[in-house]
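Listed here are the chains, written in short residue letters.
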Amino acid sequence: MSIYFVTHIRQSVTVFSGPAKRRFFSWLSNVFSRHSYSIVKPHNVSPVLPVLDHISKPQYVIDGIVPPKLPWFDIKNEEEITGMKDACRLARKILNVAANEIKVGMTTDELDRIVHQACMDNNAYPSPLLYRGFPKSICTSVNNVACHGIPDSRELESGDIINVDVTVYYNGFHGDVNETYPVGPVDKAGLQLIDAAKASCDAGIAVCGPGEKFSSIGKAIEQKASSLGFSVIPNICGHGIGRYFHGADILHYDNTEDRMMQEGMTFTIEPVISEGSTEVCVMNDNWTAGSSDNSRSAAFEHTLLITSQGVDVLTRK
């Protein structure tokens, strides 16, 4: 779950040639088609679900104070790495539970209840719940919502695409993962967008390893997305993770970050890929970030561990 918008926003320039031009006119046709996807706005949000007393809670839930995010990437010891692996394994398991329940006609609030119960059943705390006041246990971002969608009373429709973002706090560590799924039959452009988001995330992962620059992640992601005719939303980033929910930023576009990856570091990669504008606007609920032109986006996220041999994808299926 990417909470922080990076403050150093880069101006986006779109060149309408090759794949970008084809994608643009495909998206434009989709917008004006009577068979186009639904534009999503916030609906009614149900009360906060209770958490069992015996479940360990992050400090920000106990005292309501979110600590400053670490400006660096800490090095995990063997005990901490084991804790991260356990939390990430559980996050993947619970995301898979949610994915198997997605269907036309269900509300995103129902999906949230399923994930919340799965967390309770596994003695884990759903990390987003009450983080900076967020009222639900997962983020569900549908169609034109780029990130931080609050589960609510809106029913999923055939043709929607939905990103489900699960983070669990388990035995003192956070594990974070998300994926984008089609709901019923989805148009070709929507499926291509989902595929491009996965390919872009995979491209970022592929360049990770000890001694590699963090800037190589954003460069690889942007190159892959651009080659497929899509764009990276620049002000949504990945982050360091561990006993803390959010650490130093991981930029998903070409940048000049000169820090190097080291064995024992853990962080997320979670690029949000757009078929239209890369600008987002936060809606009236102060969380839901929607595209400025109502175009769709898709994302995939993994939590990674840098090892002596390369990278371990802790949240892989």
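Look above for the structure.
**Quick word on the pairing of strand 4 (residues 161–170)**
The buried fraction of strand 4 is high, at nine of ten residues. Relative to strand 4, strand 2 (residues 139–142) is paired through four bridges, and the arrangement is antiparallel. The partner of Thr140 across the bridge, within strand 4, is Val164. Examined bridge by bridge, strand 4 and strand 5 (residues 173–182) share ten bridges and lie antiparallel to one another. From the neighbouring strand, Asp165 faces strand 5, where its bridge partner is Asn178. Hairpin connection, strand 4 to strand 5: the antiparallel pair is bridged by two residues, and Asn171 has positive phi, about 50°.

**Remarks on the nonpolar core**
By size, the foremost hydrophobic cluster in this structure holds 31 residues, and its most contacted members are Ile94, Ile102, Leu111, Ile162, Val164, Val166 and Val168. Secondary-structure elements contributing two or more residues to this core are helix 3 (78–101), helix 4 (108–121), strand 4 and strand 5. For Ile162, the contacting residues outside a window of four places in its chain are Ile102, Thr108, Leu111, Thr140, Ser141, Val142, Leu156, Glu179, Thr180, Tyr181 and Val183. Phe214, Ile221, Ile250 and Phe300 belong to the second-largest nonpolar core, a separate cluster that totals 28 residues.

**Some thoughts on unusual backbone geometry**
Backbone geometry at Asn123 places phi at a positive 55°, although glycine is not the residue there. Assignment of secondary structure puts Asn123 in the loop between helix 4 and strand 1 (125–126). On the basis of relative accessibility, which here comes to 43%, the residue Asn123 falls in the partly exposed class. One non-glycine residue, Asn286, adopts positive backbone phi at about 70°.

**With respect to the sheet that holds strand 6 (residues 231–232)**
Pairing within the open sheet is antiparallel, and its three strands lie in the order 6-10-13. Unpaired on one side and paired on the other, strand 6 and strand 13 (297–299) mark the two borders of the sheet. Looking at chain direction, strand 10 (residues 272–274) and strand 13 are connected through three bridges and run antiparallel. Along strand 13, the bridge assignment pairs Ile273 with Ala298. Running at roughly 40° to strand 13, helix 5 (residues 188–206) makes contact with strand 10 and strand 13 of the sheet.

**Quick notes on the packing of helix 3 against helix 4**
In the contact formed by helix 3 and helix 4, the axes pass within 10 Å of each other and the chain directions differ by 150°. By the criterion of interaxial angle, the relationship of helix 3 to helix 4 is roughly antiparallel. For helix 3 against helix 4, the interelement crossing comes out right-handed. Touching Ile94, Val97, Ala98 and Glu101 of helix 3 are Leu111, Ile114, Val115, Ala118 and Cys119, all from helix 4. For the contact of helix 3 with helix 4, the class distribution of residues is eight nonpolar, no polar and one charged.

**Describing the sheet that holds strand 12 (residues 289–291)**
Taken together, three strands build an open sheet; the order of strands is 3-12-11 and the sheet is antiparallel. Among the strands making up the open sheet, the edge pair consists of strand 3 (145–147) and strand 11 (280–282). Across the sheet, the mean angle from the axis of one strand to that of its neighbour is 40°, orientation sign disregarded. As judged from the three bridges shared by strand 11 and strand 12, these two strands associate in the antiparallel manner.

**A word on the packing of aromatic side chains**
Across all of its chains, the model carries seven aromatic pairs by this definition. Look at Phe134 and Trp287: their rings are 5.0 Å apart centre to centre, the planes differ by 85°, and that puts the pair in the edge-to-face class. One end of the pair, Phe134, is in the loop between strand 1 and strand 2; the other, Trp287, is in the loop between strand 11 and strand 12, and 153 residues separate them in sequence. For the pair formed by Phe134 and Trp287, the shared burial category is buried. Aromatic pair Phe214 and Phe267: ring centres 5.3 Å apart, planes at 65°, arrangement edge-to-face. With Phe214 in the loop between helix 5 and helix 6 (215–227) and Phe267 in strand 9 (residues 266–269), this pair connects stretches of sequence that are 53 residues apart. Clustering of aromatic rings is evident, with ring pairs tying together Tyr60, Tyr131 and Phe245.

**Topic: the packing of helix 5 against helix 6**
Where helix 5 meets helix 6, the closest approach of the two axes is 8 Å, and the angle between their N-to-C directions is 150°. Classified by the angle their axes make, helix 5 and helix 6 are roughly antiparallel. As for the relative orientation of helix 5 and helix 6, their crossing is right-handed in sense. Taking contact as the criterion, the partners of Ala199, Ser200, Ala203 and Gly204 in helix 5 are, on helix 6, Ile217, Ala220, Ile221, Lys224 and Ala225. Each residue belonging to the contact of helix 5 with helix 6 can be placed in one class, and the counts come to six nonpolar, two polar and one charged.

Conventions and cut-offs
- Residues numbered from 1 in each chain as written.
- Predicted model: local features only at pLDDT ≥ 70, side-chain atom pairs only at ≥ 80, totals over all residues.
- Heavy atoms only, no water.
- Buried < 20%, exposed > 50% of the residue type's maximum accessible area, 1.4 Å probe, protein only.
- Helix = DSSP H or I, 4+ residues; strand = E, 2+ residues; numbered from the N terminus.
- Pairing = 2+ DSSP bridges.
- Core = buried A, V, L, I, M, F, W, Y, C linked by side-chain atoms within 4.5 Å.
- Contact = heavy atoms within 4.5 Å.
- Axes fitted to C-alpha atoms, helices over the stretch in contact; angles between N-to-C directions.
- Parallel < 35°, antiparallel > 145°, perpendicular 65-115°, else oblique.
- Left-handed = near helix turned anticlockwise from the far one by under 90°.
- Nonpolar A, V, L, I, M, F, W, Y, C, P; charged D, E, K, R; others polar.
- Phe/Tyr/Trp six-rings, centres within 6.5 Å; stacked < 30°, edge-to-face > 60°.

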